[in-house]
Amino acid sequence: MSTAAATPVRTGQVLADLLPASRVRDVALVLGGAALTGLAAQISVPVPGSPVPVTGQTFAALLVGTSLGAGRGFLSLALYALAGIAGVPWFAGASSGVAPSFGYILGMILAATVVGALARRGADRSVWRMAGTMLVGEAIIYAVGVPYLALATGMSATAAIAAGLTPFLIGDALKAALAMGALPSAWKFANKR
């Protein structure tokens, strides 16, 4: 009599690792991650008094990093940034090129890499660890984006924080809440299969 249960997914894996391994898979995931980030950037709401809009871009970047892992997450966001610099109109509001908000995109590259490494260590498996992972990712994005905004616009540090950080905190908390539920739920589903 066999009582075979589904083999649980091992730590050291990210969600993308559940797909059959191949170079084609990895290329498709990197391209898909860049495209998802570009699509999410089109969800863009201007913030009065700030050159930085509220977008779905940060959520997508952190989701790409945690789902694909550090290497593929880095490549996805680097491709997104390079293509946008080259003229692909997939930054916020169908823009391209380098703008005062470009520092946030640079921060997203670093954040996707870091949250991808954390996810590989199991940080995306529970609600509370995922909350911490999202907070780390958001902090990295702001740590790069806000100083870049200040330098690019000539704002003081206080003005850059007021224009490039404070208006986004509530939205980022909502994005973190979405991720806190989505990724641990995806792992529960994967472990039942």
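All of these numbers come straight from a predicted model, not from anything done at the bench.

Asker: Is there a simple way to think about the packing of helix 1 (residues 23-41) against helix 3 (residues 70-85) in this case?
Answerer: Describing two packed helices takes the angle between their axes plus the distance from one axis to the other. Running from amino to carboxyl end, helix 1 crosses helix 3 at an angle of 50 degrees, the nearest separation of the two axes being 8 Å. Comparing their axes, helix 3 and helix 1 come out oblique. Every pair of crossing elements has a handedness; the one defined by helix 1 and helix 3 is right-handed. Contact with helix 1, carried on its side by Arg-25, Asp-26, Leu-29, Val-30, Leu-31, Gly-33, Ala-34, Thr-37, Gly-38 and Ala-41, involves Arg-72, Leu-75, Ser-76, Leu-77, Leu-79 and Tyr-80 of helix 3 and no other residues of that element. Among the residues making up the contact of helix 1 with helix 3, the classes are represented as 9 nonpolar, 4 polar and 3 charged.

Asker: Can you help me understand unusual backbone geometry in this one?
Answerer: When glycine is set aside, most residues are seen to have a negative phi, and most peptide bonds are trans. Despite not being glycine, Ala-94 shows a phi value in the positive range, around 55 degrees. Residue position: Ala-94 is located in the loop between helix 3 and helix 4 (102-120). Judged by its relative accessible area of 44%, Ala-94 falls in the partly exposed class.

Asker: Help me understand helix 1 in this model?
Answerer: Look at helix 1: 27 Å from first C-alpha to last across 19 residues, which is about the 27 Å you get at 1.5 Å a residue. Restricting attention to buried positions, one finds in helix 1 the residues Arg-25, Leu-29, Val-30, Gly-33, Ala-34, Thr-37, Gly-38, Ala-40 and Ala-41. Residues of helix 1 that are buried in the fold lie against strand 1 (44-45), strand 2 (54-55), helix 2 (57-68) and helix 3. The opening residue of helix 1, the one whose side-chain oxygen lies 3.4 Å from the backbone nitrogen of Val-24, is Ser-22.

Asker: Which parts of the structure should I look at to understand the packing of helix 2 against helix 4?
Answerer: At a closest axis distance of 7 Å, the pairing of helix 2 and helix 4 adopts a crossing angle of 35 degrees. Every pair of crossing elements has a handedness; the one defined by helix 2 and helix 4 is right-handed. Packed against helix 2, whose contacting residues are Gln-57, Thr-58, Ala-61, Leu-62, Gly-65, Thr-66 and Leu-68, the element helix 4 presents Ile-105, Met-108, Ala-111, Ala-112, Val-115, Gly-116, Ala-119 and Arg-120 at the interface. Among the residues making up the contact of helix 2 with helix 4, the classes are represented as 9 nonpolar, 5 polar and 1 charged.

Asker: Would you explain a nonpolar patch on the surface in this entry?
Answerer: A contiguous nonpolar patch, built from Val-27, Leu-31 and Leu-79 and spanning about 250 Å² of accessible area, is present on the exposed surface. Along the chain, the position of Leu-31 falls in helix 1.

Asker: So what exactly am I meant to see when it comes to the nonpolar core here?
Answerer: Burial of nonpolar side chains together is a common tendency in soluble globular proteins. The biggest cluster of nonpolar side chains holds 42 residues, and the ones touching the most others in it are Leu-77, Tyr-80 and Tyr-104. Residue assignment for this core shows that the elements contributing at least two residues are helix 1, helix 2, helix 3, helix 4, helix 5 (127-153) and helix 7 (169-192). A total of 9 residues in this core trace back to one element, the largest contributor, which is helix 4.

Asker: Would you mind going over the pattern of salt bridges with me for this structure?
Answerer: Oppositely charged side chains can form a pair if their charged atoms are brought close together. One pass over the full model with this rule turns up 6 salt bridges. Linking Arg-72 and Asp-17 is a salt bridge whose minimum nitrogen-to-oxygen distance equals 2.8 Å. Note that Arg-72 is positioned in helix 3 and Asp-17 in the segment before helix 1, a separation of 55 residues in sequence. Both residues of the pair, Arg-72 and Asp-17, count as buried. Residues Asp-124 and Arg-125 are paired through a salt bridge, measuring 3.3 Å at the closest nitrogen-oxygen approach. We note that Asp-124, like Arg-125, is buried. Linked through salt bridges whose partners overlap, the residues forming this network are Asp-17, Arg-25, Asp-26, Arg-72 and Arg-120.

Asker: Is there a simple way to explain the packing of aromatic side chains in this structure?
Answerer: Centre-to-centre distance and the angle between the planes together describe a pair of aromatic rings. In the structure shown here, the tally under the stated rule is 5 aromatic pairs. Taken together, a centroid distance of 6.1 Å and an interplanar angle of 50 degrees make the contact between Phe-91 and Phe-102 tilted. Taken together, the positions of Phe-91 in the loop between helix 3 and helix 4 and Phe-102 in helix 4 put the pair 11 residues apart, joining distant regions of the chain. By the burial criterion, Phe-91 is buried, and Phe-102 matches it. Considering the side-chain rings of Tyr-104 and Tyr-142, the 6.2 Å spacing of their centres and the 85 degrees angle between planes classify their relative orientation as edge-to-face. Linking Tyr-104 in helix 4 with Tyr-142 in helix 5, this pair joins segments that are 38 residues apart in sequence.

What counts and how
Residues numbered from 1 in each chain as written. Predicted model: local features only at pLDDT ≥ 70, side-chain atom pairs only at ≥ 80, totals over all residues. Heavy atoms only, no water. Axes fitted to C-alpha atoms, helices over the stretch in contact; angles between N-to-C directions. Helix = DSSP H or I, 4+ residues; strand = E, 2+ residues; numbered from the N terminus. Parallel < 35°, antiparallel > 145°, perpendicular 65-115°, else oblique. Left-handed = near helix turned anticlockwise from the far one by under 90°. Contact = heavy atoms within 4.5 Å. Nonpolar A, V, L, I, M, F, W, Y, C, P; charged D, E, K, R; others polar. Buried < 20%, exposed > 50% of the residue type's maximum accessible area, 1.4 Å probe, protein only. Expected span 1.5 Å × (residues − 1). Polar contact = N/O pair within 3.5 Å; in protein donor to acceptor, adjacent residues only side chain to side chain. Patch = residues over 30% accessible without salt bridge, like charges linked within 9 Å, V, L, I, M, F, W, Y side chains within 5 Å. Areas by Shrake-Rupley, 256 points an atom, 1.4 Å probe, with all protein chains shown as cover. Salt bridge = Lys/Arg side-chain N within 4 Å of Asp/Glu carboxyl O. Core = buried A, V, L, I, M, F, W, Y, C linked by side-chain atoms within 4.5 Å. Phe/Tyr/Trp six-rings, centres within 6.5 Å; stacked < 30°, edge-to-face > 60°.

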